[in-house]
Amino acid sequence: MRRTYAISFAHTEFAERVSIPFCACQTRSVLNTRNPRQKRTIQSKRRRTSSKTKPLPAILGASIGRLRTESGVPRKRAARALHMDVSMISRFEAGLATLHAEHLDILLPLYGIEPGEHAKYRAWAERLRTDATWWPDTVGNEDSGLDELLDLEPLELLRGYDPATVPELLQTPDYAREVLEFAHEELGSNEIDRLLHARLARGYPVSEPAPPKVWLIVEAAALRRRIGESAVWRKQIQHLLDVLDLPNVHIQVLEDHQHGPVLALHAFVYLRFADPTLQDLVRVRQMTGTTCHSNTERYLQLADQLAIVASPPQRTADLLRELLH
């Protein structure tokens, strides 16, 4: 379930300015309290989503539904083409029934989708029939197809934590290339170019007309880590300073004495979609693939803990300038 909490974040006005939905934390005292009644005083509003719906199939279904609507094809016509009851079209589009590649072979031409676009929809459908939570890696997560699937749905909110590098969303092209070359030493320049293109094409823009709210927490050690030549690293730090001017972006730094990696054992990204019928999702990259969790409560609590432990956002710009001098 999704929850929107009325909070008063102790050391920032960002939450009030952008109305970010939070997990259960109003102040540090609420997070640390052992009084369950006090925790229940936090006001919450849940968005109703079906417990039978898995996030990734629902994203694919919603995308197919949007294609149908944009093409002007009514559900009855789509149902006739599949020789099914019209209720099945609704179930497909809600992620409550499994879309097969054979269904898409009929629906996509009916909706006027170019043949060159069919393969990716078929690949997504086949993958989701196997497992709707685990997405195996082939040559690199950027090329797995998962990110492009997630990009089908606009975001309302993105929260994340990264202990190792500058978060992918805010990486400059040169910095991203250096990270990929370190991570995939076995790949040639053409393969690195392909992965870089996929990473830079990631669908979480921070400066478009209606961008998502972005709240990222990064380790100070990750910022100090000079990946690539000095000029590449300095340009990356300057880019972070520039991004701080955007009203929808919020960056906090966990300094060494704040022990972020003790609280969070790995990087994660929490996604809330603009469509209120879609469940929240947490994406965790691993060595051999990516796991997508729909049980996000613990990760929201962790994100709140990290935000309270981290240095105040007003200090982020000073920390970045100190690195450059």
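In this report, the structure presented in the accompanying data block is examined. (Residues numbered from 1 in each chain as written. Predicted model: local features only at pLDDT ≥ 70, side-chain atom pairs only at ≥ 80, totals over all residues. Heavy atoms only, no water.)

Re the overall build of the chain
Counted only if it meets this: Per the convention used, a helix needs a DSSP run of H or I reaching at least four residues, while a strand needs a run of E reaching at least two, with both numbered from the N terminus. Contact definition: two residues touch when any of their heavy atoms are within 4.5 Å. Methods summary: accessible areas were calculated by the Shrake-Rupley approach with a probe of 1.4 Å, and residue burial reflects only the protein chains presented.
A tally of helices and strands in the chain yields 16 helices and nine strands. Long-range contacts, defined as pairs at least 24 residues apart, comprise 74% of the intrachain contacts of the chain with a sequence gap of at least 6. Total accessible area computed for the chain in this model is approximately 16100 Å², and 51% of it derives from carbon and sulfur atoms.

Thoughts on the packing of helix α7 (residues 101-110) against helix α8 (residues 118-130)
What counts is decided by this rule: All axes here are fitted lines through C-alpha atoms, helices being fitted over the stretch that makes contact, and every angle between N-to-C directions spans 0 to 180 degrees. An angle below 35 degrees is treated as roughly parallel, one above 145 as roughly antiparallel, one from 65 to 115 as roughly perpendicular, and anything else as oblique. In a left-handed crossing the near helix is turned counterclockwise from the far helix by less than a right angle, and in a right-handed crossing that turn is clockwise. Three classes are used: nonpolar for Ala, Val, Leu, Ile, Met, Phe, Trp, Tyr, Cys and Pro, charged for Asp, Glu, Lys and Arg, and polar for all others, with Gly counted as polar.
Closest axis-to-axis distance for the α7/α8 pair is 9 Å, and the angle between their directions is 150 degrees. Classified by the angle their axes make, α7 and α8 are roughly antiparallel. As α7 runs across α8, the sense of the crossing is right-handed. Side by side, α7 and α8 meet where Ala101, Leu104, Asp105, Leu108 and Pro109 of the first sit next to His118, Tyr121, Arg122, Ala125 and Glu126 of the second. Looking at the contact of α7 with α8 residue by residue, the class counts come to six nonpolar, one polar and three charged.

Side note on helix α11 (residues 189-200)
Which entries qualify depends on this criterion: A helix is expected to span 1.5 Å for every residue after the first. Residue exposure (1.4 Å probe, protein chains only): buried if accessible area is under 20% of the type maximum, exposed if over 50%, otherwise partly exposed. Here, the arc refers to the directions that run from the helix axis to the C-beta atoms.
Its twelve residues give α11 an end-to-end C-alpha distance of 16 Å, which sits within 8% of 16 Å, the value for a rise of 1.5 Å per residue. Those residues of α11 that fall on the buried side of the exposure criterion are Ile192, Leu195, Leu196, Ala198 and Arg199. Viewed end-on, α11 has its buried residues packed into an arc of 160 degrees, placing them on one side of the element. Residues of α11 that are exposed and point more than 90 degrees away from the buried face comprise Asn190 and His197. As for α11, its buried residues are in contact with α10 (173-183).

Remarks on the side chain of histidine 250
Note the cut-off: Pairs of N or O atoms are called polar contacts if they sit within 3.5 Å, as long as, within protein, a hydrogen donor faces a hydrogen acceptor (for residues adjacent in sequence, only side-chain-to-side-chain pairs).
In this fold, histidine 250 is placed in strand β6 (residues 249-254). By relative accessible area, which is 4% here, histidine 250 ends up buried. Engagement of the side chain of histidine 250 in a polar contact is seen with the side chain of glutamine 252, the distance being 3.4 Å.

Things to note about the nonpolar core
We apply this condition: Put simply, a nonpolar core is a bunch of buried Ala, Val, Leu, Ile, Met, Phe, Trp, Tyr and Cys residues held in one set by side-chain atoms that sit within 4.5 Å of each other.
Core analysis: the biggest nonpolar cluster contains 61 residues, and Leu56, Leu60, Ile64, Tyr121, Leu149 and Leu223 have the highest contact counts within it. When sequence neighbours within four positions are dropped, the list of residues in contact with leucine 60 reads Leu99, Tyr121, Trp124, Ala125, Leu128 and Leu149. Among the nonpolar cores identified, the runner-up in size contains 17 residues, and Leu157, Tyr161, Leu254 and Leu306 belong to it.

Some remarks on the pattern of salt bridges
Rule in force here: Criterion for a salt bridge: a side-chain nitrogen of Lys or Arg within 4 Å of a carboxyl oxygen of Asp or Glu.
Inspection of every chain in the model, using the stated rule, returns 19 salt bridges. Aspartate 256 serves as the salt-bridge partner of arginine 224, at 2.9 Å between the closest nitrogen and oxygen. A residue pair is termed long-range when its members are at least 10 positions apart, and arginine 224 in helix α12 (residues 220-224) and aspartate 256 in the loop between β6 and α14 (260-263) qualify at 32 residues. One salt-bridge network, in which partners are shared between bridges, spans Asp147, Glu168, Arg199, Arg283 and Arg285.

Re the packing of aromatic side chains
The description of an aromatic ring pair rests on the distance of the ring centres and on the angle between the ring planes. Stated precisely, the cut-off is as follows: Two aromatic rings, drawn from Phe, Tyr or Trp (for Trp, its six-membered ring), form a pair once their centres lie within 6.5 Å of each other, and the interplanar angle then sorts them: stacked below 30 degrees, edge-to-face above 60, tilted otherwise.
Under the criterion given, the structure shown has three aromatic pairs. Judged by centre distance (5.3 Å) and plane angle (80 degrees), the rings of tyrosine 121 and tryptophan 124 are edge-to-face. You can see tyrosine 121 and its partner tryptophan 124 sitting in helix α8, three residues apart, about one turn around the helix. Comparing tyrosine 121 with tryptophan 124, the two get one shared label, buried. For the ring pair tyrosine 161 and phenylalanine 268, a centre distance of 6.3 Å and an interplane angle of 40 degrees mean the geometry is tilted. Highlighted residues: tyrosine 161 in strand β4 (residues 155-162) and phenylalanine 268 in strand β7 (residues 268-273), separated in sequence by 107 residues.

Concerning unusual backbone geometry
Located in the positive-phi region is histidine 83, a residue other than glycine, with phi close to 55 degrees. Within the secondary structure, histidine 83 sits in the loop between α5 (75-82) and α6 (86-94).

Topic: the environment of arginine 283
When you line up the elements, arginine 283 lands in strand β8 (residues 281-286). For arginine 283, a relative accessible area of 7% puts it in the buried group. Spatially, the C-alpha atom of arginine 283 lies 7.8 Å from that of leucine 271, the residues being twelve residues apart in sequence. At a separation of 2.9 Å, a polar atom in the side chain of arginine 283 contacts the side chain of aspartate 147.

Some points on the pairing of β4
How we decide: Only strands joined by at least two bridges in the DSSP assignment are considered to pair.
Within β4, eight of the eight residues are buried, which leaves the element mostly enclosed by the surrounding structure. Judged from the six bridges that link them, β4 and β7 form a sheet pairing that is antiparallel. Note on β7: the bridge partner recorded for leucine 158 is leucine 271.

Structural notes on the sheet that holds strand β9 (residues 289-293)
The mixed open sheet is built from seven strands, whose spatial order is β3-β9-β8-β7-β4-β5-β6. Two strands in the sheet have a free side with no partner beyond their single neighbour: β3 (134-136) and β6. Strand-to-strand twist of the sheet, defined as the mean angle between neighbouring strand axes without regard to direction, takes the value 15 degrees. Across six bridges, the pairing between strand β5 (residues 213-219) and β6 is parallel. Bridging across to β6, tryptophan 215 finds its partner in histidine 250.

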